[in-house]
Amino acid sequence: MILGDLLGTPVHDDDGVRLGRVADARFVVDGAPHRLMADARLLGLVVSPHSWSSFMGYERNSLTQPWPLPQLLRWRHRGSFFVMWEDIAVLGDRSVRLRPGYTAYSPALDRKGQE
Amino acid sequence: MKTPRPLGPGPLAPVPPVAGQTLDAQLHLLDRQVLDSDGVPVTTVDDLELGAPEGEPETPMGTVIPPGTPAPVLTALLTGPVLGTRIFGGRPPSSRLIRVPWTDVADVGVVVRLGVSGQGLDADWVERWIRDKIIARIPGGRRDPR
């Protein structure tokens, strides 16, 4: 699977209601160890209802400068949420469907760019 | 069409903590420069390839993922002729993309560092070809400027 095929794909819930588009994919480096780095497994997807483009991650951190860039970008990504891999029912290049009763998490990262 | 908000009226809960380094593809990987073990630029990350973890069956795209299926893992960083598709849309055929295996990646920070030399990688064959066939034939082109 090529990640570029997934970014921007519409996301629907189990009833077919459109929730947004795939804005990003989050990986965590905690898989099977190798000589240099461990496997990076897909933790989940960031879904954005208004815009799937991302610019330097302002919408996922708490930075407020330079005004008004973070404020504008955060507004553009209002309503974004993160879904875990376990809540994804179908991963297609035309649509992503979530499982019934999925949990929407905050997509925020901390100042170091980590959760 | 108005897009509904996801479940829950209040602020969303944070993602359950995980042990390893977190990488958001667009923020931390895509378009990052790739350096080899000697610090020489090799390429940039144009796309990423995902696959099932070792020993697990691949789930075809568009099919229902059975509960409990292990999450896919990054198998390779992809690079290739993407300028045209960046402008006009789409992506190059998979066969045109050059793969840098994830197992060769040593560190992900401001740049992506590889643990191997770039000389053996397909990703910079264009630069090597230009160096050997064109630059080397220019008088003085074989001399190291340092």
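Higher on the page you've got the structure.
Residues numbered from 1 in each chain as written. Chains lettered and ligands numbered in written order. Predicted model: local features only at pLDDT ≥ 70, side-chain atom pairs only at ≥ 80, totals over all residues. Heavy atoms only, no water.

*Asks:* What am I meant to see in the overall build of chain A here?
*Replies:* When its secondary structure is counted, chain A shows two helices and six strands. Each helix and strand of chain A, ordered N terminal to C terminal, gives the series α-β-β-β-α-β-β-β. With respect to the three principal axes, the spread of C-alpha positions in chain A is 45 × 40 × 25 Å. Residues classed as buried in chain A amount to 56% of the 115 residues present. (Helix = DSSP H or I, 4+ residues; strand = E, 2+ residues; numbered from the N terminus. Buried < 20%, exposed > 50% of the residue type's maximum accessible area, 1.4 Å probe, protein only.)

*Asks:* What am I meant to see in the overall build of chain B here?
*Replies:* Assigned secondary structure in chain B consists of three helices and eight strands. Scanning chain B from its N terminus toward the C terminus, one meets helices and strands in the order β-α-β-β-β-β-α-β-β-β-α. Computed over C-alpha atoms, the radius of gyration of chain B comes to 20 Å, more than 25% over the 15 Å expected from 2.2 N^0.38 for 146 residues, which places it beyond the range of a compact globule. Viewed in the frame of its principal axes, chain B has a C-alpha envelope of about 70 × 35 × 35 Å. Counting every position in chain B, which comprises 146 residues, the buried fraction comes to 38%. Roughly 8,900 Å² of accessible area belongs to chain B as shown, and the carbon and sulfur atoms make up 58% of that amount. Charge centroids of chain B, computed over 15 positive and 17 negative side chains, lie 8 Å from each other. (Rg over C-alpha atoms; globule rule 2.2 N^0.38 Å. Areas by Shrake-Rupley, 256 points an atom, 1.4 Å probe, with all protein chains shown as cover. Lys, Arg positive; Asp, Glu negative; His and termini not counted. Charge placed at Lys NZ, Arg CZ, Asp CG, Glu CD.)

*Asks:* Before we go on, may I ask you to explain the interface of chain B and chain A in this structure?
*Replies:* Many descriptions give the size of an interface as the accessible area lost when the pieces come together. The interface is formed by 55 residues belonging to chain B together with 58 residues belonging to chain A. Buried surface at the junction of chain B and chain A, summed over both partners, amounts to about 4,700 Å²; 64% is from carbon and sulfur atoms. Of all residues in chain B, Val15(B), Met61(B) and Ile65(B) give up the largest surface area on contact with chain A, accounting jointly for 14% of the area buried on that side. Along the contact surface separating chain B from chain A lie three salt bridges. Across the pair Asp24(B) and Arg60(A) runs a salt bridge whose closest N-O atoms are separated by 2.6 Å. At the junction of chain B and chain A, the tally comes to 20 residue pairs in polar contact (both at pLDDT 80 or more). Of all the elements in the fold, those that place two or more residues in the side of chain B that touches chain A are strand 1 (21-24), helix 1 (25-29), strand 4 (47-51), strand 5 (73-79) and strand 7 (105-108) of chain B. For the side of chain B that touches chain A, the per-class residue count stands at 34 nonpolar, twelve polar and nine charged. Of the pairings in the sheet, the one linking strand 2 (residues 18-29) of chain A to strand 1 of chain B comprises four bridges and is antiparallel in character. Paired with Val28(A) across the two strands is Thr22(B), which belongs to strand 1 of chain B. (Contact = heavy atoms within 4.5 Å. Buried area = accessible area lost by both parts, 1.4 Å probe. Salt bridge = Lys/Arg side-chain N within 4 Å of Asp/Glu carboxyl O. Polar contact = N/O pair within 3.5 Å; in protein donor to acceptor, adjacent residues only side chain to side chain. Nonpolar A, V, L, I, M, F, W, Y, C, P; charged D, E, K, R; others polar. Pairing = 2+ DSSP bridges.)

*Asks:* How do you make sense of the packing of aromatic side chains when you look at a structure like this?
*Replies:* A full pass over the atoms with the stated rule returns one aromatic pair over all chains. The positively charged end of Arg26(A) is found above the aromatic ring belonging to Phe82(A), 4.8 Å away from the centroid. (Phe/Tyr/Trp six-rings, centres within 6.5 Å; stacked < 30°, edge-to-face > 60°. Lys NZ or Arg CZ within 6 Å of the ring centre and 35° of its normal.)

*Asks:* Quick question: what am I supposed to make of the sheet that holds strand 3 (residues 41-44) of chain B here?
*Replies:* Where strands meet in a sheet, backbone hydrogen bonds hold them as pairs that are either parallel or antiparallel. All names here are of chain B. Judged by pairing direction, the sheet is mixed, and its four strands sit side by side in the order 3-2-8-7 without closing on themselves. Looking at the sheet topology across the chains shown, the edges are occupied by strand 3 and strand 7. Between one strand axis and the next, the sheet turns by 25° as a mean value, whatever way the strands run. Sheet topology note: the strand 2 (residues 33-35)/strand 3 ladder contains three bridges and is antiparallel. When the sheet's bridge partners are listed, Leu-35 is paired in strand 3 with Pro-41. (Axes fitted to C-alpha atoms, helices over the stretch in contact; angles between N-to-C directions.)

*Asks:* I tried to follow the pairing of strand 5 (residues 88-91) of chain A on my own but got confused; where do I start?
*Replies:* For a regular strand, the rule is simple: side chains alternate between the two faces of the sheet. Residues and elements named next belong to chain A. When strand 5 meets strand 6 (residues 96-98), the two strands line up antiparallel, connected through three bridges. From the neighbouring strand, Val-90 faces strand 6, where its bridge partner is Arg-97. Hairpin connection of strand 5 to strand 6: four residues between the antiparallel strands.

*Asks:* It is not clear to me how a nonpolar patch on the surface should be interpreted in this structure. Could you clarify?
*Replies:* There is a patch of nonpolar side chains on the surface, built from Trp125(B), Val126(B), Trp129(B), Ile130(B), Ile134(B), Ile135(B) and Ile138(B) and spanning about 640 Å² of accessible area. By the secondary structure assignment, Trp129(B) is in helix 3 (residues 125-133). (Patch = residues over 30% accessible without salt bridge, like charges linked within 9 Å, V, L, I, M, F, W, Y side chains within 5 Å.)

*Asks:* Would you mind showing me how to read unusual backbone geometry here?
*Replies:* Only a minority of non-glycine residues have a phi that is not negative, and only a minority of peptide bonds are not trans. Omega for the bond connecting Gln65(A) with Pro66(A) falls within 30 degrees of zero, at -5°, which places this linkage in the cis form. You can see Pro66(A) is positioned in the loop between strand 3 (40-48) and helix 2 (69-76). With omega at 0°, the peptide bond leading from Trp67(A) into Pro68(A) counts as cis. Looking at the element boundaries, Pro68(A) is found in the loop between strand 3 and helix 2. For Asp31(B), which is not glycine, the phi torsion reads 70° and is therefore positive.

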